[in-house]
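# Fold and contact review
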2 protein chains.
Amino acid sequence: MVGKKIPRSPLAPEHFPKLAEIAELGLNVFETGSRYRGRDDLLVITLPAKASIAGVFTKSSMPSAAVDLCKEHLSQSKGRVRAIIINAGIANAFTGKQGQASAETVTAACASLLGVEPHHVYMASTGVIGEDLDPSPLVSAMMSGLDKSEDNQDWLSAAEAICTTDTFAKGATGAAKFGKHRVSINVIAKGSGMVAPDMATMLAFGFTDAAIPAGLLQKIIRDINEESFNAITVDGDTSTSDTLLFCATGEKPLGGAALRSVNDPRLAAFKKELKRIMQDAAIQVASDGEGASKLMTIEVSGAANDASARKIALAIGNSPLVKTAVAGEDANWGRIVMAVGKSGERADRDLLNIKIGGHHVARKGRAINGYDETLVAAHMREARIKLEINVGVGKGRARVWACDLTHGYISINADYRS
Amino acid sequence: MVGKKIPRSPLAPEHFPKLAEIAELGLNVFETGSRYRGRDDLLVITLPAKASIAGVFTKSSMPSAAVDLCKEHLSQSKGRVRAIIINAGIANAFTGKQGQASAETVTAACASLLGVEPHHVYMASTGVIGEDLDPSPLVSAMMSGLDKSEDNQDWLSAAEAICTTDTFAKGATGAAKFGKHRVSINVIAKGSGMVAPDMATMLAFGFTDAAIPAGLLQKIIRDINEESFNAITVDGDTSTSDTLLFCATGEKPLGGAALRSVNDPRLAAFKKELKRIMQDAAIQVASDGEGASKLMTIEVSGAANDASARKIALAIGNSPLVKTAVAGEDANWGRIVMAVGKSGERADRDLLNIKIGGHHVARKGRAINGYDETLVAAHMREARIKLEINVGVGKGRARVWACDLTHGYISINADYRS
């Protein structure tokens, strides 16, 4: 697939946003030639000594070497961080002890160049599975110079360096009140195909200049991740390498009493803006699903609980029959009924309500006689499709984002050999 | 989709097998014009008074009216049966109380025409979801004449009358020793797309002239179903209407002491042949998956238990990335690793072994250096692909059959409006 040009997703934002400068953070991009030619494929982010880090990882039982390493370093360092290394092209997954050694070699070399503890350096890898990652070109590149300064933070180049089959670089940004300060929040991400261990995986890296202790940061990120990166699906497949790392550089303290709880009202504005930014980035990932032509927002209500609503919403978002119906601009709500039924979650067939684009098409377990099909058909021709389903058994709610399933997905994944 | 000609699956058997005559069984086909034109779309099978019946149904929480009716009649009749009615074109699913009334009207009319109890008549419907089933054309057709005799059993016409998007009629047959007798076993089935509530669903009907009490028959069918119709997948979607009904006409008694256990050694030959026939029919259904170009046999071993092995095998068989790799003739075992990892089941990454077409490609969590890729590539070009995975944690085993995911699936499900 290397070298094959995939057209830019029709769902891509018009341009990459202007991300804020974050003091004492360095962005270093390199062209290692490991797998790609003529493009940057290595990003090294450096952070100040007072920075904290939180991480959320794939639930796959076959995690990549980098995922194992991050989990170990997070635990050993108690949430300290001085650098994150991301390479694109080779996932270093299913590579056994040799893969583990490669990841350790690269992070140790970086630590040595920066003069920091090895377990304060993290790594994420994306690309082809089962191929050994030669550490040499990565180490050579880093030796050519790591810029620790915050000058000229080129976030677009950083976001581009971590892409694989992505058709556009993904970034989101914003600012929030944090005590007396106004803090910045930046997220860059990649992923196209929720996954596709062959080439794509979801990686996201977030940064703020706020000071948040690692323990609290971990809880905040884990919660918001459920409603953002964990609420999107492209093909239901789960990568060996999915990684979200979030760092707080600590430049801007909250002031006042020490932070002890994620529910501290002084964190409210920050958490709200962080959620908006993480959802923005997550939706960009779903919008770049392989072959995606439409983005679905699926809202399930009336479920036994929120977790059940989420499972139902994902069953709809992952159903090949729902996804192909959306691709075909067919308001085939029968397939939504099927997907609810197969979710295994509690739902009352005879109370099921379905809205498409805000228009009621089924109520109390039956199609609505004579609903205005032209309005629904017009909505189905849009790029952003909204499905609302009430399953009639409780108060559980969830929202997920998914893309459609098109010939483009088959072309990317079947027609070209890896 | 009605009227659109889908090419015959390249995996179809050369011809429909010659099914055995079963005494006192009547096959009646009718053209009702309910949805299709110029083809039979109604099959009524009549059975003698001494026949017993067993049934297995979709686990969907949104079952069709016919599924609800069958479950009720099975329970009320304690496994007695005089007729089975199958209509193609309209699934009578998600049609509320009116749907229930339609199914009851049709079965009651049939019972009246045959002079039997209404709850001795069963029904299965397949076709479009959410559309009301008008009972009139079905009742009118049956009134034109139900032939209760066993003469001229045209199994091919019967199998054709229940098809929807199927590209070929499905039948399997055989015979087994049963006490002093040799008994026949016939199965007809339809389904293309494990499902596709829009048009396709899996229905299977089996018949033998052996005498087997309904309670035992139910246990035998439920067990063998797990290793046949429940061991295939096309797209992982689950129909509202999936139904397997199996009838024993009772003509040929076993003799000797009454049957009390499914483990009675006198049943061994029958069960073995029944399993072979049900697997044959199930594989025909998987082979007619929408757009299928290749059939995968997926064997998982080394799992924590058989149920876990089955979940892993289905995770592989349902993975869009595995299915597209197979469609693209790409021996992309990295996607198999991914699917094992996402299954949620116990597996040891560092002990994982993978064979493709009998050739080892990965062992102990790593690709095998220098395995003969040409042999594996040659296997991938065949129509029948074999994947063997040992996950290294126990003795659980399972085998499932699945088809690939091609442009044909997208064309059938997205390019044409229902």
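Residues numbered from 1 in each chain as written. Chains lettered and ligands numbered in written order. Predicted model: local features only at pLDDT ≥ 70, side-chain atom pairs only at ≥ 80, totals over all residues.

### A closer look at the overall build of chain A
The line we're drawing: Only DSSP runs of H or I reaching four residues or more are called helices, and only runs of E reaching two or more are called strands; each is numbered from the N terminus. Two things to know: the radius of gyration comes from C-alpha atoms, and the globule rule equals 2.2 Å times the number of residues to the power 0.38. Once C-beta atoms have been placed from the backbone, residue pairs whose C-beta atoms lie within 7 Å are recorded as contacts.
Along the backbone of chain A there are 11 helices and 16 strands. What you see for chain A is a C-alpha radius of gyration of 22 Å, in line with the 22 Å of a compact globule of 418 residues. Reported as C-alpha extents along the three principal axes, the dimensions of chain A are approximately 70 × 55 × 40 Å. When contacts within chain A are restricted to residue pairs at least 6 apart in sequence, long-range pairs at least 24 apart make up 80% of them.

### Notes on the domain arrangement of chain A
All names here are of chain A. Selection rule: Note: domain ranges come from an automatic or database domain assignment. Charged means Asp, Glu, Lys or Arg here, nonpolar means Ala, Val, Leu, Ile, Met, Phe, Trp, Tyr, Cys or Pro, and polar covers whatever is left, Gly included.
By the assigned domains, chain A splits into domain 1 (26-287) and domain 2 (295-415). Taking only C-alpha atoms, the centre of domain 1 and the centre of domain 2 are 32 Å apart. Each partner contributes residues to the interface: domain 1 has 11 residues there, and domain 2 has 11 residues. Every element with two or more residues in the side of domain 1 that touches domain 2 is listed here: β9 (232-233) and α6 (268-287). Top element by residues in the side of domain 1 that touches domain 2 is α6. It accounts for 4 residues. A breakdown of the residues in the side of domain 1 that touches domain 2 according to their chemical character gives 7 nonpolar, 4 polar and no charged.

### Describing the environment of G394 of chain A
All names here are of chain A. Put simply, the rule is: Residue burial here comes from a neighbour count, namely the number of other C-beta atoms, placed from the backbone, that lie within 10 Å of the residue's own C-beta, with 20 or more meaning buried, 12 or fewer meaning exposed, and in between meaning partly exposed.
Of note, G394 is situated in the loop between β15 (384-390) and β16 (396-403). Judged by local crowding, G394 falls into the partly exposed class, with 17 C-beta atoms found within 10 Å. Counting along the chain gives 356 residues from G394 to G38, while the straight-line C-alpha distance between them is 55 Å.

### Considering the sheet that holds strand β5 (residues 121-128) of chain A
Residue and element names in this part refer to chain A. Worth spelling out the cut-off: Note on pairing: DSSP must find at least two bridges between two strands before they are called paired. For every element, the axis is a line fit to its C-alpha atoms; helices are fit only across the contacting stretch, and the angle between N-to-C directions ranges from 0 to 180 degrees.
Spatially, the 4 strands line up as an open sheet ordered β1-β2-β4-β5, and their pairing is mixed. Only two strands of the sheet have a single neighbouring strand rather than two, namely β1 (26-30) and β5. Neighbour-to-neighbour, the strand axes of this sheet turn through a mean angle of 10°, independent of strand direction. With 8 bridges connecting them, strand β4 (residues 83-90) and β5 associate as parallel partners. Considered in β5, the bridge of I84 is made with Y122. The strands touched by helix α2 (residues 96-114) are β2 (42-46), β4 and β5; relative to β5, the strand with the most contacts, the crossing angle is about 140°.

### Considering the interface of chain B and chain A
Across the boundary between the two partners, chain B contributes 49 residues, which contact 50 residues of chain A. Of all the elements in the fold, those that place two or more residues in the side of chain B that touches chain A are α8 (320-327), α9 (333-342), β14 (366-367) and α11 (407-415) of chain B. Ranked by residue count, the leading element in the side of chain B that touches chain A is α9 of chain B, at 8 residues. Its residues placed into classes, the side of chain B that touches chain A shows 19 nonpolar, 19 polar and 11 charged.

### Some thoughts on the relation of the copies chain B and chain A
Our working rule: A least-squares superposition brings the copies together, and it is based on the C-alpha atoms of residues with pLDDT no lower than 70 in both.
Overlaying chain B with chain A gives an RMSD of 0.0 Å, the required rotation being 180° about an axis along which the chain moves by 0.0 Å. Here the symmetry operator amounts to a two-fold rotation axis. Minimal C-alpha separation from the rotation axis in chain B is found for H407 of chain B, amounting to 2.9 Å. A shared binding surface is used by both copies, with 100% of the interface residues of chain B retained as interface residues in chain A.

### Some thoughts on the pairing of β2 of chain A
Residue and element names in this part refer to chain A. Across the 5 residues of β2, 5 count as buried, placing the element largely inside the fold. Burial along β2 is two-sided: the residues L42, V44 and T46 and L43 and I45 are all buried. Pairing geometry for β1 and β2, over 5 bridges, is antiparallel. In the strand pairing of β2, G26 is matched with T46.

### Some details on the environment of Q218 of chain B
Residue and element names in this part refer to chain B. Looking at the element boundaries, Q218 is found in helix α5 (residues 214-226). Look at Q218 and you get buried, because 20 C-beta atoms sit within 10 Å. Not counting the four nearest positions on each side in its chain, Q218 is found in contact with A54 and G79.

### Let's talk about α9 of chain B
Within an α-helix, residues lying three or four positions from one another point in the same direction, as the helix has 3.6 residues per turn. Burial analysis of α9 of chain B places 10 of its 10 residues in the buried class, the great majority of the element. Turning to α9 of chain B, its buried residues number three or more, namely W333, G334, R335, I336, V337, M338, A339, V340, G341 and K342 of chain B. Against the buried residues of α9 of chain B lie β5 of chain A together with α7 (306-318), α8, β12 (353-356), β13 (359-363) and β15 (384-390) of chain B. Two residues or fewer after α9 of chain B comes G344 of chain B, characterised by a positive phi angle close to 85°.

### Some details on the environment of T233 of chain A
Residues and elements named next belong to chain A. Within the secondary structure layout, T233 lies in strand β9. T233 sits in the buried class, given 24 other C-beta atoms within 10 Å. Along the primary structure T233 and C403 are separated by 170 residues, whereas in three dimensions their C-alpha atoms are 7.2 Å apart.

### Digging into α5 of chain B
To keep things clear, this is the line we draw: Multiplying 1.5 Å by the residue count of a helix minus one yields the expected span of that helix.
The first and last C-alpha atoms of α5 of chain B sit 19 Å apart over 13 residues, in line with the 18 Å expected at 1.5 Å per residue. Among the residues of α5 of chain B, L217, Q218, I220, I221, I224 and N225 of chain B are the ones counted as buried.

### Quick notes on the packing of α7 of chain B against α9 of chain B
Residues and elements named next belong to chain B. Which entries qualify depends on this criterion: Any angle from 65 to 115 degrees is called roughly perpendicular, while one under 35 is roughly parallel, one over 145 is roughly antiparallel, and all others are oblique. Crossing handedness is read from the near helix: turned anticlockwise from the far helix by less than a right angle, it gives a left-handed crossing, and turned clockwise, a right-handed one.
Packing of α7 against α9 brings their axes to within 8 Å, and their N-to-C directions diverge by 130°. Accordingly, the angle class assigned to the pair α7 and α9 is oblique. Note on packing geometry: the crossing formed by α7 with α9 is right-handed. The residues of α9 that touch α7, namely those facing I312, A315 and I316, are I336, A339, V340 and K342. Residue composition of the contact of α7 with α9, grouped by class: 6 nonpolar, no polar and 1 charged.

### A look at the pairing of strand β1 (residues 26-30) of chain B
Within β1 of chain B, 5 of the 5 residues are buried, which leaves it mostly tucked inside the rest of the structure. Of the two faces of β1 of chain B, the one holding G26, N28 and F30 of chain B and the one holding L27 and V29 of chain B are both buried throughout.

### Description of the sheet that holds strand β5 (residues 121-128) of chain B
Within a sheet, neighbouring strands are paired by backbone hydrogen bonds and run either parallel or antiparallel to one another. Residue and element names in this part refer to chain B. Strand order in the open sheet formed by 4 strands is β1-β2-β4-β5, with mixed pairing between adjacent strands. The open sheet terminates on both sides in strands that have one partner only, identified here as β1 and β5. Strand-to-strand twist of the sheet, defined as the mean angle between neighbouring strand axes without regard to direction, takes the value 10°.

### Some remarks on the confidence of the model for chain A
Short version of the rule: Note: pLDDT gives the predictor's confidence per residue, expressed from 0 to 100.
The predicted model of chain A has a mean per-residue pLDDT of 91, with 94% of residues at 70 or higher. Every residue in residues 194-199 of chain A is under pLDDT 50, and counting partners more than four places away or in other chains gives 41 contacts.

### Here's the deal with unusual backbone geometry
Glycine aside, residues mostly have negative phi, and peptide bonds are mostly found in the trans state. All names here are of chain A. One non-glycine residue, E24, lies in positive phi territory at about 65°. In this fold, E24 is placed in the segment before β1. Even without glycine at this site, K364 takes up a positive phi of about 50°. Looking at where K364 falls in the secondary structure, it is placed in the loop between β13 (359-363) and β14 (366-367). Judged by the 13 C-beta atoms lying within 10 Å of it, K364 falls in the partly exposed class.

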